[in-house]
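# Breakdown of the fold
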Amino acid sequence: MSLRVPPPILLLLSVLAMYLLSRFYPILTIDFSGKSFLVSVLCFIGAIPGFTAIIAFAKANTTIDPRHPQKTSRLVTTGIYRFTRNPMYIGLVFFLLAAAFYFSALSCFVIVPVFIWVMNNFQIEPEEEVLLAMFGDEYLQYCRNVRRWC
């Protein structure tokens, strides 16, 4: 089974869930003077792996659409992909952490592991099956050398 919802839409749905949790079930409100700065830093950090991944895919002239991994024209293992197999998803997690702090409720943080679980099971695993079928031993060796998240 693969994810039919693009990961950025899943991110927006997760942020909406955080908003609703903060509004209707705000367990342990957290607010502090440096919150805006922290939110900005987390967003900035989240943008870095996403943009560098997009640049790496553009240089390799391959698709960035994770819903269609079969359209991948080559395996990208350079740049940020030397350190993580999923830099775009790491970036999305940083955006979720920023949103959780922004909404200022501890209950929002429950969405982060749920997002990671959904991504692992319904996006990353199906992607990896396709990439393994397409690139075989080259992809297996890459997976042995580079972790999924970091």
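The structure reproduced in this document is the subject of the present report. (Residues numbered from 1 in each chain as written. Predicted model: local features only at pLDDT ≥ 70, side-chain atom pairs only at ≥ 80, totals over all residues. Heavy atoms only, no water.)

## Some points on the packing of aromatic side chains
For the structure shown, the criterion picks out seven aromatic pairs. Between Y139 and Y142, the ring centres sit 6.2 Å apart and the planes meet at 45°, which makes this aromatic pair tilted. One end of the pair, Y139, and the other, Y142, are both in helix α4 (residues 111–145), three residues apart, so they sit about a helical turn from each other. Exposure class is identical for Y139 and Y142. Each is buried. One aromatic cluster in this structure is built from Y19, Y102 and F103. Sitting over the ring of Y102, K35 keeps its end group 5.9 Å from the ring centre. (Phe/Tyr/Trp six-rings, centres within 6.5 Å; stacked < 30°, edge-to-face > 60°. Helix = DSSP H or I, 4+ residues; strand = E, 2+ residues; numbered from the N terminus. Buried < 20%, exposed > 50% of the residue type's maximum accessible area, 1.4 Å probe, protein only. Lys NZ or Arg CZ within 6 Å of the ring centre and 35° of its normal.)

## Focus on the nonpolar core
Among the nonpolar cores identified, the biggest contains 20 residues, and M18, Y89, L96, C108, F115, M119 and W149 are the most heavily contacted of them. Elements supplying a minimum of two residues to this core: α1 (7–24), α3 (87–103) and α4. Top contributing element to this core by residue count: α3, with eight residues. Excluding its chain neighbours within four sequence positions, the residues that come into contact with C108 are M18, L21, S22, A100 and F103. Membership of the second largest hydrophobic core comes to 13 residues, among which are A53, L75, Y81 and V146. (Core = buried A, V, L, I, M, F, W, Y, C linked by side-chain atoms within 4.5 Å. Contact = heavy atoms within 4.5 Å.)

## Structural notes on the layout of surface pockets
Its boundaries defined by the atoms lining it, the largest pocket holds a volume of some 650 Å³. Looking at the largest pocket, it is lined by 34 residues, and the ones nearest its centre are F57, I64, Y81, M88 and Y89. Elements with a contribution of two residues or more to the lining of the largest pocket: α1, α2 (35–60), α3 and α4. Class assignment for the residues of the lining of the largest pocket results in 22 nonpolar, seven polar and five charged. (1 Å grid on protein atoms, 1.4 Å probe; cavity = no way out; pocket = protein on both sides within 12 Å on 5 of 7 lines; lining within 4 Å. Points joined across faces, edges and corners; volume = space filled by probe spheres on them. Nonpolar A, V, L, I, M, F, W, Y, C, P; charged D, E, K, R; others polar.)

## Points about the side chain of S22
For S22, the position within the fold is in helix α1. For S22, a relative accessible area of 15% gives the class buried. A distance of 2.7 Å separates a polar side-chain atom of S22 from the backbone oxygen of Y19. (Polar contact = N/O pair within 3.5 Å; in protein donor to acceptor, adjacent residues only side chain to side chain.)

## Thoughts on a nonpolar patch on the surface
Among the surface-exposed residues, V5, I9, L12, L13, L16, Y19, L20, F24, Y25, I27, L28 and L106 lie close enough to one another that they form a single nonpolar patch of about 1100 Å² accessible area. Mapped onto the secondary structure, V5 falls in the segment before α1. (Patch = residues over 30% accessible without salt bridge, like charges linked within 9 Å, V, L, I, M, F, W, Y side chains within 5 Å. Areas by Shrake-Rupley, 256 points an atom, 1.4 Å probe, with all protein chains shown as cover. Salt bridge = Lys/Arg side-chain N within 4 Å of Asp/Glu carboxyl O.)

## Some points on α2
Its 26 residues give α2 an end-to-end C-alpha distance of 38 Å, which sits within 8% of 38 Å, the value for a rise of 1.5 Å per residue. Residues K35, V39, L42, G46, A47, P49, G50, A53, A56, F57 and A60 constitute the buried set of α2. Its buried side turned inward, α2 meets α3. Following α2 by one or two positions, N61 adopts a phi angle in the positive range, close to 55°. (Expected span 1.5 Å × (residues − 1).)

## Considering the pattern of salt bridges
Summed over all chains, the structure comprises three salt bridges. A salt bridge links D31 to K35; the shortest N-O distance between them is 3.5 Å. Residue class for D31 comes out exposed when judged on its relative accessible area of 60%. With relative accessibility at 14%, the residue K35 sits in the buried group. Salt bridges here are not isolated pairs; linked through shared partners, they connect R85, E128 and R148.

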